[in-house]
Amino acid sequence: MSVRVRFAPSPTGFMHVGNARTALFTHLFARHQGGTFVLRIEDTDTERHSEDAVNVIYDALKWMELSWDEGPLKGGNFGPYRQSERTDIYKEYIEILKEKGLVYECFCSKEELDNMRQEQLKKGLPPKYTGKCRHLTKDEKERLKKEGRKPVLRFKVPQDRIVIWKDLVKGAISIGAEQLGGDFVIVRSNGMPVYNFVVVIDDALMRISHVIRGEDHISNTPKQILLYEAFGFNVPEFAHLPMILGEDRSKLSKRHGSASVAEFKDKGYLPEAFTNFIALLGWYPKDGKEILSREELIERFDMKDVNSSPAIFNFEKLNWMNKEYIKAYDVSKLTEMIIPYLEKAGFDIGKFDRKWLEKVVDATRDYLTVLSEAPVYMETFLKDDFEIEKDAAEFMNEERLNVVKKFLEKVESAPEIDGELFKKIVKETGKELGAKGKNLFMPIRIALTGKMKGVELDILVSLLGKDRVVKRLHHAISKLERREP
Ligand code: GLU
């Protein structure tokens with residue numbers, strides 16, 4: 001049997017980390033087995049689903065490089081791949097169930113259902129639909145329709161059945177039909193078929209071999225298996241992935257920091273680092289290697305190694321991993337990704353030479369945890385008309401200002417300046433003025449950056465070049481003399 005798996009998100013407007021992990025595991029599973037990865041958009045709830053929300057899904061998948069073989073924007077032999085375009089198909093299959101006598105109209109109002117529930121609870125029974133409308137006569141139905149009641153369609157749950165499946169992650173699961181809450185609704189009173197019904201039709205018609213999804217869907221699976229059986233479809237394999245929790249062991253949400261893919265992207269996590277980290281949420285390779293390229297993930301991924309207990313989302317580990325990826329990343333690509341953050345921070349990036357910018361990125365990348373921090377570290381290289389910070393201004397006095405002036409004199413008479421020459425000039429300045437240690441280095445740092453802390457000065461100076469160094473020194477001297485910030 002060929003492996004065909006699908007990722008079936010509902011366009012809610014944001015892609016939760018849990019969904020991203022489902023997409024990734026499904027993708028890795030498909031690629032490892034040489035199977036087909038299908039994307040299906042579950043947008044039956046048309047009112048809630050805007051095109052923007054669908055684009056959020058595409059963007060997240062593209063960012064994580066989870067390309068789909070079949071689906072919207074791509075096509076395939078089993079489309080359409082958006083549920084909103086499959087209504088006619090669903091109607092056809094609803095008719096089949098009607099013909100088989102496996103469904104019936106139910107006219108119970110919300111109030112009646114609530115009362116039913118209350119009574120059961122009072123008796124200490126688990127709430128379920130009693131099957132009240134199962135045996136309505138034609139006349140009774142007509143009368144109820146005349147009253148203006150709009151029926152739902154319920155599926156007749158077979159009694160005394162135990163639904164069993166061997167979950168690829170959770171192991172054998174068995175759920176008695178009596179635990180399903182009675183005959184369940186498959187078409188709402190407004191004519192919309194519900195998730196448990198459409199998902200079965202879609203998975204069956206799309207020839208899905210393995211259904212991979214979050215464990216919050218376990219309670220839906222027995223209902224779906226009963227529907228597969230009702231149609232005589234092959235039942236696929238199921239793999240229910242463990243929940244993702246925050247460190248306080250509650251479901252991961254925005255409260256923990258971020259929970260949606262777009263937020264991680266905006267903060268400046270690299271897609272490779274994020275994906276690598278997500279891959280380790282509930283799965284661990286046998287050889288224990290943690291930094292893994294996409295190829296390595298595909299090669300190692302095995303559903304057998306997916307843990308059945310919840311995965312804890314550890315932000316510290318993600319940060320560590322992102323730092324590692326930033327250190328090793330292709331500098332040109334990294335620069336490309338950093339530029340939007342610089343522009344957002346107000347820098348006119350067009351005026352800098354691209355190769356030079358790459359050198360600045362290279363000089364500062366080790367300081368970064370996420371790319372959104374880049375402007376803070378790169379500012380020193382980009383901004384010549386900086387302000388003098390308060391502690392830096394307070395540190396300066398006449399003697400220290402003289403160090404700066406002497407240093408400037410020497411830079412001006414040099415043909416160009418690089419890291420080596422910088423060190424030499426500093427040494428000479430110190431010797432001539434009898435200044436050393438903090439009294440020598442700090443005034444120069446302050447005059448070049450306006451700050452008391454920062455990057456290595458020889459690197460800064462060699463990247464600025466003589467003209468900009470001279471310009472900065474004049475700028476700082478004039479500010480310090482006039483005691484301006
Ligand atoms: N649309 C469902 C969800 O986003 C899909 C569940 C499934 O994979 O069956 O949770």
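Structure: above.
We now turn to the structure provided with this report.

Reading the values: the criteria
- Residues numbered from 1 in each chain as written.
- Predicted model: local features only at pLDDT ≥ 70, side-chain atom pairs only at ≥ 80, totals over all residues.
- Heavy atoms only, no water.
- Pairing = 2+ DSSP bridges.
- Helix = DSSP H or I, 4+ residues; strand = E, 2+ residues; numbered from the N terminus.
- Axes fitted to C-alpha atoms, helices over the stretch in contact; angles between N-to-C directions.
- Near = heavy atom within 4 Å.
- Polar contact = N/O pair within 3.5 Å; in protein donor to acceptor, adjacent residues only side chain to side chain.
- Areas by Shrake-Rupley, 256 points an atom, 1.4 Å probe, with all protein chains shown as cover.
- Nonpolar A, V, L, I, M, F, W, Y, C, P; charged D, E, K, R; others polar.
- Buried < 20%, exposed > 50% of the residue type's maximum accessible area, 1.4 Å probe, protein only.
- Phe/Tyr/Trp six-rings, centres within 6.5 Å; stacked < 30°, edge-to-face > 60°.
- Lys NZ or Arg CZ within 6 Å of the ring centre and 35° of its normal.

## Overview of the sheet that holds strand 4 (residues 152–155)
Taken together, the three strands give an open sheet; going across it, the order is 3-4-7, and neighbouring strands pair in antiparallel fashion. The sheet is open, and its two edges are formed by strand 3 (103–106) and strand 7 (184–187), each paired on a single side. Direction aside, the axes of adjacent strands within the sheet are offset by 45° on average. Pairing of strand 3 with strand 4, which is carried by four bridges, proceeds in the antiparallel orientation. Following the sheet pairing, E105 is matched in strand 4 by L153.

## Thoughts on the site of the ligand
Lining the immediate environment of the ligand, one finds R6, A8, P9, S10, E42, Y195, V199, R213 and H217. A8 places a main-chain nitrogen or oxygen 2.8 Å from a nitrogen atom of the ligand. Side-chain polar atom of E42 to a nitrogen atom of the ligand: 2.7 Å apart, as the coordinates give it. Alone, the ligand offers 290 Å² of accessible surface; in the complex the protein occludes 85% of this. When its residues are assigned to classes, the shell around the ligand shows four nonpolar, two polar and three charged.

## Here we look at the side chain of T449
Positionally, T449 belongs in helix 18 (residues 438–449). What makes T449 buried here is its relative accessible area of 5%. Only 2.8 Å separates the side chain of T449 from the backbone oxygen of R445, close enough to count as a polar contact. Of note is the side chain of T449, whose polar atom sits 3.1 Å from the backbone nitrogen of K451.

## Digging into the packing of aromatic side chains
In total, this model carries 20 aromatic pairs according to the counting rule given. Each ring, one from Y228 and one from F233, has its centre 6.5 Å from the other, and the planes form 75°; the classification is edge-to-face. Residue Y228 is classed as buried on the basis of its relative accessible area of 1%. Consider the rings of F231 and F233, whose centres lie 5.0 Å apart with planes at 20°: the pair is stacked. Take F231: its relative accessible area is 12%, and that puts it in the buried class. Among the aromatic side chains, those forming a connected cluster through ring pairs are W63, F264, Y269, F274, F277, F313 and F315. The ring of Y129 carries R154 above its face, with NZ or CZ at 3.6 Å from the centroid. Against the face of F395 rests R400, its NZ or CZ located 3.9 Å from the ring centre.

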